[in-house]
Amino acid sequence: MGLSRLAALHGVATSYSPSPDVTVSVPDDTVIAVLAALGVDAGTPADVRKCLAAAESRSRLLPPTVVVWAGEPLPSALAGLPPGSTVTVEPEPSDSSGHPAGRPPAPLSMRARAAGPAPGAPACSPAPGSPAPGSPAADAPGTAPGETAETAEGVVPPRGDEAAVVPAPPAWWIPPPHGVHRIHVRTPDNRRATATLVAAPPRVPQPPERTHGFLVQLYSLLSARSWGMGDLGDLTDLAVWAGRSVGSGFVQVNPLHAAVPGKPTDPSPYRPSSRRFPDPVHLHVESIPEYGHVRDRATLDDLRQDAAALSEAVLNKGALIDRDAVWELKSQALELVVRVPLTPGRRADYCDFLAEQGQALEDHALWCALAEVHGPDWHTWPEALRDPRSPGTARARSELLDRVDFHCRLAWLTAGQLAAAQRAAEDAGMGVGIVHDLAVGVHPAGADTWSQQEAFAHGMSVGAPPDAFNARGQDWGLPPWRPDVLAATGYAAYRGLLRGLLAHAGALRIDHVMGLFRLWWVPEGRPPTDGTYVAYDAEAMLAVLVLEAHRARTAVVGEDLGTVAPGVREALARRGVLGTSVLWFERDWEGDGRPLAPEKWRRDCLATATTHDLPSTAARLTGDHVTLRHRLGLLTRSLEEELTEDATDTAEWLALLARLRMLPEGDGDEEAAVRAVHRFLRRTPARMTGVWLPDTVGDRRPQNLPGTWDQYPNWRLPIADPEGHPVTLEEITASPRLHALMEVLRPRKPHTAPPGERRP
């Protein structure tokens, strides 16, 4: 009982429910190990009693981080302050756009009083999603229910008849500006407390009412000018073409986070060295302004010929994408490029970038420089270098100054091309632009775990519990953030991460968005079945997300597939975070289990036919994905059973498409069936419709096959046609199959009579 109570106080679950009617107890050894990773010694009953007594006797006037939402009731920590308490808020300095900068504004001082609305004020105010009467949002012209509007204050939340009414903040409370502030409290009996205050708008900005776009793994998108894999030049070109030629509103890419160097490099974009900085392997080298001024043209020409040979091997000789070979060539070219002196304007821009990124960039660049000398796993470095703040590391920083500057320069160049891609997308008419992807975690040996060691739970890995699809659970090999450290530091690491990702994004996709609420921790050396859930302060995690998205004016899409705890989707929707709906999973699970009719789909989501972890639509329709898994020995039942079940599932969907008259070509036409699937998606109320770019040319191969490592070339395949022949960006954009598919997604023009024939 004592261990369970201690675990509960620290957000560690002692049981979980893989299904509504099943509860599984977590082994005590797991609970003890997880508590130890949180700095709590529960190794013996005496230790448990001691820690429990200390935790229960600890009385905090305020938690380390407090959240207030604009226009909503205060949290209990503030609403429950004794009357007469003095409250002082020190707002963070901010520039005209709301970003932290400049001189701090004057503190806000107030005195807590007994609960009650201000004289003459309404006792209630609209809930998130419904602006107060008379507010700029309420009077915004042309704003239909659920839409957003822009005011001088920024993006206002949607309004609609479904919005509830919630109590207003108390009269004594002076709402601070949106931001991350310090709050100080002193009670009448002279108790004092200081905490971080996150003041957030009620919702994230919303995308245009109806928009479609492409989903693509950037490395797989080779053009005629690529150096063996897709790059930011190709992304820019795709976005401009898609916006101007087929009316797309966005392009969503895989995480472009910095990878752990080494040979071979882990090709997965979801296990990076750092999520805070992009990987320079994505640079389009020829687009760097200094490239044209490199004097050693012969070496550059040789490198370009070698790069062309890499692309030729991938596109025409059956070779896999070789990230290491690509980086070997690009790094040599970049060594020449950075020797070119910067112009005064470019130098000023670079200096501004260094100042803006500060210690975080310096740490990242130093890790990269040290990895060149000592290898990519900092746990094996000389002991003095394992601490980023040690005197030995400071000496190394001085000794490696040129290499540190080199890696800082690469981060700057990559950020510049990311910004250019977003600007080009917007200039091409895209309402959203580039949708970047945030991986759920980082590699345990990478730059982030080295520079932010105190923020990670070492000896733990994030994964997933056993379920109906995977009886052994999953271990993703990603160390989790410590929720206690995040709260104690005002979520500084999380804020910095989001700010960097959102700087050049039109929207952000969050992989495994349920991780804002809880994560499955697996102790090192134990199977995933011996893990447990650890809770995070979802209110604070969401508030920081909403705040940073508001500042960047970006929408947010959460990947909420799989096991989702009750209330999570509702909490995300309340804050304007869109969900993800994949056609094959959308069934009436609470009713007859049949495919869900289009009008019953949720509105606030990205609707798509597949993702990078799932079969392409052509493979799903033909059953090729089942035979592939059979060849790799991944099936748990006979091939005949799997094929029968898969065919039944597909037939139900095709029957629905036929009943809705979305399949006029009839059965047996795979390309027509792919178009019908996307007609269906367009019929749903989903705000965003995503088209998997390989689907546009009939690619049957998945980019990633979960549960495989060496058995399948995950993350290394170029986009290909139905026969498996790789196709270039130029061939994709000229594909008749693509244009026939995209015609399905074009909004139909209303049938309007000529002016002279209109009725009065």
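What you see is a predicted model; the values in this text were computed from it and never measured. (Residues numbered from 1 in each chain as written. Predicted model: local features only at pLDDT ≥ 70, side-chain atom pairs only at ≥ 80, totals over all residues. Heavy atoms only, no water.)

Engineer: Please set out the overall build of the chain residue by residue, giving values where relevant.
Structural biologist: For the chain, the count of helices and strands is 21 helices and 25 strands. For the chain, whose C-alpha radius of gyration is 27 Å, the value lies close to the compact-globule estimate of 27 Å for 760 residues. Taking the principal axes of its C-alpha atoms as reference, the chain extends roughly 80 × 80 × 60 Å. Considering only contacts within the chain whose residues lie at least 6 apart along the sequence, 71% involve residues at least 24 apart. In the form shown here, the chain has an accessible surface area of approximately 33400 Å², with 53% of it arising from carbon and sulfur atoms. A gap of 5 Å separates the mean positions of the 74 positive and 92 negative side-chain charges of the chain. (Helix = DSSP H or I, 4+ residues; strand = E, 2+ residues; numbered from the N terminus. Rg over C-alpha atoms; globule rule 2.2 N^0.38 Å. Contact = heavy atoms within 4.5 Å. Areas by Shrake-Rupley, 256 points an atom, 1.4 Å probe, with all protein chains shown as cover. Lys, Arg positive; Asp, Glu negative; His and termini not counted. Charge placed at Lys NZ, Arg CZ, Asp CG, Glu CD.)

Engineer: Just give me the short version of the environment of T610, but keep the residues and values in it.
Structural biologist: Relative to the helices and strands, T610 resides in the loop between β24 (605–608) and α16 (617–622). Here T610 falls in the buried class, since its relative accessible area comes to 1%. Considering only alpha carbons, one finds T610 and G2, 608 residues apart in sequence, at a separation of 46 Å. Setting aside chain neighbours within four positions, we find T610 in contact with L215, V582, P615, S616, T617, W692 and D695. Here the side chain of T610 touches P615 through a polar contact of 2.5 Å, landing on its backbone oxygen. (Buried < 20%, exposed > 50% of the residue type's maximum accessible area, 1.4 Å probe, protein only. Polar contact = N/O pair within 3.5 Å; in protein donor to acceptor, adjacent residues only side chain to side chain.)

Engineer: For the sheet that holds strand β23 (residues 579–582), give the residues involved together with the corresponding values.
Structural biologist: Paired through backbone hydrogen bonds, the strands of a sheet run either parallel or antiparallel to each other. The eight strands are arranged β22-β19-β16-β13-β12-β25-β24-β23 in an open sheet whose pairing can be described as parallel. Pairing within the sheet leaves two strands with one partner each, and these edge strands are β22 (555–558) and β23. Geometrically, the sheet is characterised by an average inter-axis angle of 25° between neighbouring strands, direction not taken into account. Alignment of strand β19 (residues 507–510) against β22, held across four bridges, turns out to be parallel. (Pairing = 2+ DSSP bridges. Axes fitted to C-alpha atoms, helices over the stretch in contact; angles between N-to-C directions.)

Engineer: Hey, could you go over the sheet that holds strand β21 (residues 532–535) for me, with residue numbers and the actual values?
Structural biologist: Strand order in the open sheet formed by four strands is β18-β17-β20-β21, and the pairing between neighbours is antiparallel. In this open sheet, the two strands that pair with only one neighbour each are β18 (474–478) and β21. The sheet shows a mean angle of 50° between the axes of neighbouring strands, taken without regard to direction. Where strand β20 (residues 518–523) meets β21, four bridges bridge the pair, whose relative direction is antiparallel.

Engineer: Lay out the pattern of salt bridges with the relevant residues and their values.
Structural biologist: Per the stated rule, a full pass over the model turns up 38 salt bridges. Two residues, R701 and D699, come together in a salt bridge whose shortest N-O distance is 3.8 Å. By relative accessible area, which is 1% here, D699 ends up buried. Among the ionic contacts, a cluster of salt bridges with common partners joins E92, R499, E548 and R551. (Salt bridge = Lys/Arg side-chain N within 4 Å of Asp/Glu carboxyl O.)

Engineer: Could you give me a rundown of helix α7 (residues 323–337), with the residues and numbers involved?
Structural biologist: Compared with an ideal rise of 1.5 Å per residue, which puts 15 residues at 21 Å, α7 spans 20 Å between its outermost C-alpha atoms and is within 8% of the ideal. Among the residues making up α7, those that are buried are R323, D324, V326, L329, K330, S331, A333, L334, L336 and V337. Where α7 begins, one side-chain oxygen reaches toward the backbone nitrogen of D324, 3.2 Å away; that side chain belongs to D322. (Expected span 1.5 Å × (residues − 1).)

Engineer: Let's hear about the environment of G292: which residues, and what values?
Structural biologist: Residue placement: G292 occurs in the loop between β15 (274–278) and α6 (297–316). A C-alpha to C-alpha distance of 49 Å links G292 and L621, two positions 329 residues apart in sequence.

Engineer: Could you give an account of the pairing of strand β2 (residues 22–25), naming the residues involved and the relevant values?
Structural biologist: Relative to β2, strand β1 (residues 15–19) runs antiparallel, the two sharing three bridges. The residue of β2 that forms the bridge with Y16 is V24. Remark: two residues form the turn of the hairpin made by β1 and β2, two consecutive strands paired antiparallel.

Engineer: Could you give an account of the packing of helix α8 (residues 344–374) against helix α10 (residues 401–427), with specific residues and numbers?
Structural biologist: Put simply, α8 and α10 touch, their axes get as near as 7 Å, and they point 125° apart. Classified by the angle between their axes, α8 and α10 sit oblique to one another. The crossing of α8 and α10 is right-handed. Between α8 and α10, the residues in contact are R346, R347, D349, Y350, F353, L354, L361, A365, L366, C368, A369 and E372 and R403, V404, D405, H407, C408, R409, A411, W412, L413 and A415, respectively. Taken together, the residues of the contact of α8 with α10 sort by class into 14 nonpolar, one polar and seven charged. (Parallel < 35°, antiparallel > 145°, perpendicular 65-115°, else oblique. Left-handed = near helix turned anticlockwise from the far one by under 90°. Nonpolar A, V, L, I, M, F, W, Y, C, P; charged D, E, K, R; others polar.)

Engineer: Before we move on, could you go through helix α2 (residues 28–37) and cite the residues and values that matter?
Structural biologist: Residues of α2 that are buried include every one of T30, V31, A33, V34, L35 and A37, and no others. Among the structural elements, α1 (2–9), β17 (460–464), β20 and β21 are those in contact with the buried residues of α2. Directly after α2, the chain includes G39, whose backbone phi takes a positive value near 80°.

Engineer: Give me the pairing of strand β16 (residues 433–438): which residues, what numbers.
Structural biologist: Successive side chains on a regular strand alternate, one facing one side of the sheet and the next facing the other. With six of six residues buried, β16 lies mostly within the body of the structure. Taken together, the four bridges between β16 and β19 define a ladder with parallel strand orientation. Bridge assignment links H436 to a residue of β19, and that residue is L508.

Engineer: So what's going on with unusual backbone geometry? Which residues, and what values?
Structural biologist: Each neighbour pair has its own omega, and for K263 with P264 the value is 0°, a cis peptide bond. Topologically, P264 is positioned in the loop between β14 (257–258) and β15. Positive phi, close to 70°, is recorded for N190, a residue that is not glycine. In this structure, N190 sits in the loop between β10 (179–186) and β11 (192–200). One non-glycine residue, W715, adopts positive backbone phi at about 65°. Tracing the backbone through its elements, the reader meets W715 in the loop between β25 (688–692) and α20 (729–733).

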